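# Results of the structural survey
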Amino acid sequence: MPKRKAAIAVGGVAALGAAALLLPNANASQDKDTAAAGTARTLKATDATTLAARLKQSLGGQFAGSYYDSATRQLIVNAVGDGAAVARAKSAGAVVRQVENSTADLQSAAKTLRTKAAIPGTAWAVDPRTNKVIVSADSTVTGARWDRLESTVDGLGSGTATLKKTGGTFKTFVSGGDAIFSQVQGGGVRCSLGFNVTAADGSPAFLTAGHCGVAAKEWSDSQTGQPIATVDQATFPGEGDFSLVKYDDPATEAPSEVNAGNGQVVAITQAAEATVGSTVFRMGSTTGLHDGQVTGLDATVNFQSETDPNGVDTVTGLIQTDVCAEPGDSGGSLFTQEGAAIGLTSGGSGDCTSGGETFFQPVTAALAATGATLGDGGAGAGAGAGDDQAGAGDQAGAGDDQSGAGDQAGGDQIGGADDQAGAGAGADDQAGAGAAQEKGTKHHHRNRQQGGNSAN
């Protein structure tokens, strides 16, 4: 791809519900705070994230998570006990709730689950709305595995953890997405570019899912083309699911944008932490533009191992959402209306017809681990963006009223593939679970970055 802009554009028509919400207001400012000092303030989600980080530090051990109430546009902060720090949190404009379980209590429960119930097809996160750990089990968790999981959750106590079933199966989304391809033994792997970045050495690169980078080393922008990028770093499983892939041509331009479809482009100006309750958008070449809410942070997911039928690939530190996704959406971008890069599609369950839940690798963590910066040299570098919003992980949650909900998933299906030109689809899934069939769509490149997702 010598001397041309590296870009992967989505084909087809974006989901109309999400587009209507995003595009007319993209990058628009919201109302300013109007409440008097000492009363709950109305905030946009990005400001709520910043305030939550400050209050987490101020409250110390009394802080027990927080979330954004999108209906009232207020930050809800959970606190254990009362006192001067709680009074300061109220005066700062947050709604403070008194709860029983501290952050330490809930983290201890999650640690017990990791030790005793790391079963393929399970996931858990701390839900600040209920002040509990919400444990999810997919359709594969039955018999002795279900009994083991149920016993472990029961042992934590009803006031600490809740167990629920989720539809479908938890799987990584590796094959069938728009835009990057690799040939490996046994067939092809297809994933998608998430965000263009600049590597620590100044070379152009992009972020995608770690399970894509583990599956193959060299990537092309067409199914039968020559490699144009090489994996520099890849993490999966373990503490994240992200890869840094460097373009082979150092003259490649890597604009910091997401093509939202229908000729609309969202400029990505910074990397930011997710906030429970905030609205986010996922762009994928398989399913188009979809929106939903963040339901949990610092989530743990136990995928069935791809190399060991009796093993488990555990990934920690993920963002949980009720945004739908389907095979072909791995590695793609999760972002906000204001143009903040939030995550890279990892995996999940369900689809965009019935709804589902999807997990994302936080972009801030991927940037910090790889030393990369967004776009062409640091606009909105993740380290800086993450510092003043740190600590959002304690807001993690997978609320019962949020998980797997299809009504917020932007469920409109993308339109026909007639306007999608370029690399042909149809690669079998070789890296993800299930060898899902691709949808036969085709895509084309544009001089802008796409938030396409990885394949499954």
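Calculation criteria
Residues numbered from 1 in each chain as written. Predicted model: local features only at pLDDT ≥ 70, side-chain atom pairs only at ≥ 80, totals over all residues. Heavy atoms only, no water. Helix = DSSP H or I, 4+ residues; strand = E, 2+ residues; numbered from the N terminus. Buried < 20%, exposed > 50% of the residue type's maximum accessible area, 1.4 Å probe, protein only. Areas by Shrake-Rupley, 256 points an atom, 1.4 Å probe, with all protein chains shown as cover. Salt bridge = Lys/Arg side-chain N within 4 Å of Asp/Glu carboxyl O. Pairing = 2+ DSSP bridges. Core = buried A, V, L, I, M, F, W, Y, C linked by side-chain atoms within 4.5 Å. Domains from an automatic or database assignment. Axes fitted to C-alpha atoms, helices over the stretch in contact; angles between N-to-C directions. Disulfide = S-S within 2.5 Å. pLDDT = per-residue confidence, 0-100. Contact = heavy atoms within 4.5 Å. Arc of directions from axis to C-beta. Parallel < 35°, antiparallel > 145°, perpendicular 65-115°, else oblique. Left-handed = near helix turned anticlockwise from the far one by under 90°. Nonpolar A, V, L, I, M, F, W, Y, C, P; charged D, E, K, R; others polar.

Attention now goes to the overall build of the chain. Of the regular secondary structure elements, the chain holds eight helices and 24 strands. Evaluated residue by residue, the chain yields a buried proportion of 58% over its 456 residues. For the chain, the computed accessible surface area is about 16,000 Å², with 47% contributed by carbon and sulfur atoms.

With that settled, consider the pattern of salt bridges. Overall, the coordinates contain two salt bridges when judged by the stated rule. The salt bridge involving Lys246 is made with Asp201; its shortest N-O contact spans 2.8 Å. Of this pair, Lys246 sits in strand β14 (residues 242–247) while Asp201 sits in the loop between β10 (195–198) and β11 (204–208), and the two are 45 residues apart along the sequence. Measuring nitrogen to oxygen at the nearest pair gives 3.7 Å for the salt bridge that ties Asp232 to Lys246. One end of the pair, Asp232, is in strand β13 (residues 229–235); the other, Lys246, is in strand β14, and 14 residues separate them in sequence.

This paragraph deals with the pairing of strand β16 (residues 264–267). Of the strand pairs in this sheet, strand β15 (residues 257–261) and β16 are connected by four bridges, and their pairing is antiparallel. Each residue of the ladder has a partner; that of Glu257, found in β16, is Ala267. What sits between β15 and β16 in their antiparallel hairpin is a turn of two residues, with Asn262 showing a positive phi close to 55 degrees.

Okay, the nonpolar core next. Residues Phe195 and Phe335 are the most contacted members of the largest nonpolar core, which totals 24 residues. Elements that contribute at least two residues to this core include exactly β10, β11, β14, β15, β18 (279–284), β22 (340–351) and α7 (363–370). Here the element with the most residues in this core is α7; it accounts for three residues. The residue makeup of this core includes at least three contributed by each of domain 3 (178–253) and domain 4 (258–362).

The omega angle of the peptide bond from Phe236 to Pro237 is -10 degrees, so this bond is cis rather than trans. Mapped onto the elements, Pro237 comes out in the loop between β13 and β14. Despite not being glycine, Asn131 shows a phi value in the positive range, around 60 degrees. Tracing the backbone through its elements, the reader meets Asn131 in the loop between β4 (122–127) and β5 (132–137). Here the phi dihedral of Asp298 falls at roughly 55 degrees; this positive angle occurs in a residue that is not glycine. Looking at the element boundaries, Asp298 is found in strand β19 (residues 288–304).

Turning to the sheet that holds strand β2 (residues 74–79), a few remarks are in order. A sheet is described by the order of its strands in space; here three strands give the open sequence β1-β2-β3, paired in mixed fashion. One side of each edge strand has no neighbouring strand; the edge strands of this open sheet are β1 (63–69) and β3 (95–98). With direction set aside, neighbouring strand axes in the sheet form an average angle of 25 degrees. As judged from the four bridges shared by β2 and β3, these two strands associate in the parallel manner. The residue of β3 that forms the bridge with Ile76 is Val95.

Note: disulfide means a covalent bond formed between the sulfur atoms of two cysteine side chains. Evaluation of the coordinates by the stated rule reveals one disulfide. For Cys324, the disulfide goes to Cys352, at an S-S distance of 2.0 Å. The S-S bond linking Cys324 to Cys352 shows a torsion near 95 degrees; that makes this disulfide right-handed. Within this pair, whereas Cys324 is found in the loop between β20 (312–321) and β21 (333–335), its partner Cys352 is found in the loop between β22 and β23 (355–362), the two being separated by 28 residues in sequence. What makes Cys352 buried here is its relative accessible area of 2%.

Here we come to the confidence of the model for the chain. The share of residues in the chain with pLDDT of 70 or more is 71%, and the mean pLDDT across the chain is 77. Looking over the chain, one finds the lowest element-wise mean pLDDT in helix α8 (residues 382–387), namely 39, and the highest in α7, namely 98. Under a pLDDT of 50 for its full length, residues 26–37 has, in the predicted model, 17 contacts with residues more than four places off or in other chains. Here residues 377–456 scores under 50 on pLDDT; set against residues more than four positions off or in separate chains, the count is 321 contacts.

Of the positions making up helix α3 (residues 84–91), those classed as buried are Ala85, Val86 and Ala89. Down the axis of α3, the smallest arc covering the buried residues is 100 degrees, so these residues share one side. Residues of α3 that are buried in the fold lie against α2 (45–59), β2 and β3. Note on α3: the residue one or two positions beyond its end, Gly93, has a positive phi of about 110 degrees.

Running from N to C, helix α4 (residues 103–116) and helix α5 (residues 143–156) point in directions that differ by 155 degrees, and their axes come no closer than 10 Å. With respect to each other, α4 and α5 are oriented roughly antiparallel. α4 and α5 meet at a crossing whose hand is right-handed. In this structure, α4 uses Ala109, Thr112, Leu113 and Lys116 to contact α5, whose residues at the interface are Arg148, Thr152, Val153 and Leu156. Per-class residue counts for the contact of α4 with α5 are four nonpolar, two polar and two charged.

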